Amino acid sequence: MIINSVLKKTVFLLLFFLFLTSCKPKELNVSKHQLFVFGTLIDINIWHDDEQQVTDAVALISHTFNNMHHQWHAWKPGRLHQINQTLRNGQSVMLSREEAQFIQQTIDQAELSNHLFNPVIGELINLWGFHTDEYPILSPPPQPSEIEHLIQQNLTVKNLHLDGLNLMADNPHVWLDFGGIAKGLAVDLAVGILQQQQIENAIINAGGDLRSIGSKGKVPWRIAIQSPSDWTTVAELEIVGDESVFTSGNYQRYKEFDGKRYSHIIHPTTGMPVGEIVSATVITQDGISADAAATALIVAGSAHWLATAQSMGIKQALIINEQMQCTGTQAMIQRLQNLNIKCQAID
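Residues numbered from 1 in each chain as written. Predicted model: local features only at pLDDT ≥ 70, side-chain atom pairs only at ≥ 80, totals over all residues. Heavy atoms only, no water.

J.: I would appreciate a short explanation of the pattern of salt bridges in the present structure.
T.: Should their charged atoms come close, side chains of opposite charge can pair. Taken as a whole and judged by the stated rule, the model has 9 salt bridges. Measuring nitrogen to oxygen at the nearest pair gives 2.9 Å for the salt bridge that ties Glu99 to Arg79. In this pair, Glu99 sits in helix α4 (residues 97–112) while Arg79 sits in helix α3 (residues 79–88), placing the two residues 20 residues apart along the sequence. Exposure remark for Glu99: the relative accessible area of 11% places this residue in the buried category. Here Lys183 ties to Asp209 by a salt bridge, and the two come within 3.8 Å at their closest N and O atoms. One end of the pair, Lys183, is in helix α7 (residues 182–196); the other, Asp209, is in strand β7 (residues 209–213), and 26 residues separate them in sequence. On the basis of relative accessibility, which here comes to 22%, the residue Lys183 falls in the partly exposed class. Residue Asp209 is classed as buried on the basis of its relative accessible area of 7%. (Salt bridge = Lys/Arg side-chain N within 4 Å of Asp/Glu carboxyl O. Helix = DSSP H or I, 4+ residues; strand = E, 2+ residues; numbered from the N terminus. Buried < 20%, exposed > 50% of the residue type's maximum accessible area, 1.4 Å probe, protein only.)

Structure representation (structure tokens):
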């Protein structure tokens, strides 16, 4: 009887322990996934307990990114190439609802930037030889007369006319190039896919441009801002909820000739590569506005980047110039941790 009693108590305690163990929340780990699209590595880190939802989401993101890469390429065959050919022939294009929405967002960002972000100067970018996947480019710059001819066209998104789903251009030199905003669209689409799969905690990093949602368990996602000169860490940053952090720089893709370097970012009114600001980092909620603003701030230069940021509704921005001098908005600098460079706050 004593043995049976002890046995019953032992079984009870064992069952009770198993009950407590089964009720204990499953410890989650970050699942890491990597894609190669847009000529760069895409890192997707997800904090979620349903493996099937994660697998489905990553597969759909991969399909979406690869489709974008082939269909929205600025100079290779695809949907954007078809649109450009049609517009440059003076004909109208019937867009899908998604295409029209994206192009309208692009137009809006260009106008907010006072056309410093300019997605219709693809012909000028092509003239410089920047429609290529091979960098650096070792060839002479275009002739001044060729540049002058194109900048006299004064091309902006005002040359586009979007009426519902119908798109037209009033200048045959319009050449849509979404290189300054495509990654923003991509990460926004990726976040939408994750949320459709009920995934609330993730970070998508497209070659240093990223958007996050939620957190990594009980701690925020944490990222590093890199130096444009030697790839060391300038500062660290904790991401709060749903945020996009985009950096535009003129130090990776360039043309080099006779010892002079020409950035791939072109000033739309001068037709010349910009060089004064070498890096601009912007934080907004969505990728599209962050991507467009980062480009616009570099084009604006040291004298006008703050006014451009304010015009685009950007409250958090960090600028590094050729002399490695750092300036930023007060709201941005207050968030930086382990800052390894002296930065001046201006507002």
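J.: How do you make sense of the nonpolar core when you look at a structure like this?
T.: Across soluble globular proteins, nonpolar side chains show a tendency to be buried alongside one another. Core analysis: the biggest nonpolar cluster contains 80 residues, and Leu160, Leu176, Leu194 and Trp305 have the highest contact counts within it. For this core, the element with the most residues is helix α8 (residues 287–300), which contributes 10 residues. Other than its neighbours up to four places away in sequence, Leu194 contacts Ile46, Ala57, Ile61, Ile199, Ala202, Ile204 and Ile213. Grouped together as the second largest cluster of nonpolar side chains are 21 residues, Ile203, Trp221, Ala235 and Ile239 included. (Core = buried A, V, L, I, M, F, W, Y, C linked by side-chain atoms within 4.5 Å. Contact = heavy atoms within 4.5 Å.)

J.: Even after reading the chapter, I still don't get α3, so can you show me in this structure?
T.: Along an α-helix, a turn takes 3.6 residues, which lines up residues three or four apart on a common side. Buried residues of α3: Arg79, Leu80, Ile83, Asn84 and Leu87, and no others. What you see down the axis of α3 is that its buried residues fit within an arc of 135°, all on one side. Packed against the buried residues of α3 are α2 (51–71), β3 (93–94), α4, β4 (160–163) and β5 (166–169). (Arc of directions from axis to C-beta.)

J.: Help me understand the side chain of Ser113 in this model?
T.: Assignment of secondary structure puts Ser113 in the loop between α4 and α5 (122–127). Within the structure, Ser113 has its side chain in polar contact with the backbone oxygen of Ala110 (distance 2.8 Å). From its side chain, Ser113 meets the backbone nitrogen of Phe117 in a polar contact 3.0 Å long. Those residues in contact with Ser113 that sit more than four places away from it in its chain are Ala296, Thr308 and Met312. (Polar contact = N/O pair within 3.5 Å; in protein donor to acceptor, adjacent residues only side chain to side chain.)

J.: Would you mind going over the pairing of strand β8 (residues 222–226) with me for this structure?
T.: Two faces belong to every sheet, and in a regular strand the side chains alternate between them. The alternating pattern of β8 places Ile223 and Ile225 on a buried face and Arg222, Ala224 and Gln226 on a face that is not buried. With antiparallel pairing between neighbouring strands as the criterion, β8 and strand β9 (residues 233–238) make up a hairpin whose turn holds 6 residues, including Trp231 at a positive phi of roughly 70°. (Pairing = 2+ DSSP bridges.)

J.: I keep staring at the sheet that holds β7 and nothing clicks. Help me out?
T.: Hydrogen bonding along the main chain pairs the strands of a sheet, whether they run parallel or antiparallel. Pairing is mixed in the open sheet, where 9 strands are placed in the order β1-β2-β6-β7-β10-β13-β14-β15-β16. Looking at the sheet topology across the chains shown, the edges are occupied by β1 (30–37) and β16 (343–345). This sheet shows a mean twist of 15° between the axes of neighbouring strands, independent of strand direction. Of the strand pairs in this sheet, β7 and strand β10 (residues 243–249) are connected by 3 bridges, and their pairing is antiparallel. Its bridge partner being in β10, Leu210 is matched across the sheet by Val245. Along the sheet, α2 contacts β1 and β2 (40–47); its crossing angle with β1, the most-contacted strand, is approximately 20°. On the sheet, α8 packs against β7, β10, β13 (277–284) and β14 (316–321) and is oriented at approximately 155° with respect to β13. (Axes fitted to C-alpha atoms, helices over the stretch in contact; angles between N-to-C directions.)

J.: Would you explain the packing of aromatic side chains in this entry?
T.: Working definition: an aromatic ring pair is given by the centre-to-centre distance plus the angle between the planes. Within this structure, the stated rule accounts for 6 aromatic pairs. Ring centres of Trp128 and Tyr262 lie 5.5 Å apart, and the angle between their planes is 45°; this geometry places the pair in the tilted category. In this pair, Trp128 sits in the loop between α5 and α6 (144–151) while Tyr262 sits in strand β12 (residues 260–263), placing the two residues 134 residues apart along the sequence. With a relative accessible area of 1%, Trp128 lands in the buried category. In this structure Tyr262 comes out as buried when scored by relative accessible area, which is 11%. Ring centres of Phe130 and Tyr135 lie 6.4 Å apart, and the angle between their planes is 15°; this geometry places the pair in the stacked category. The buried category is assigned to Phe130, whose relative accessible area is 4%. An aromatic cluster is built from Trp128, Phe130, Tyr135 and Tyr262, whose rings are joined through pairwise contacts. (Phe/Tyr/Trp six-rings, centres within 6.5 Å; stacked < 30°, edge-to-face > 60°.)

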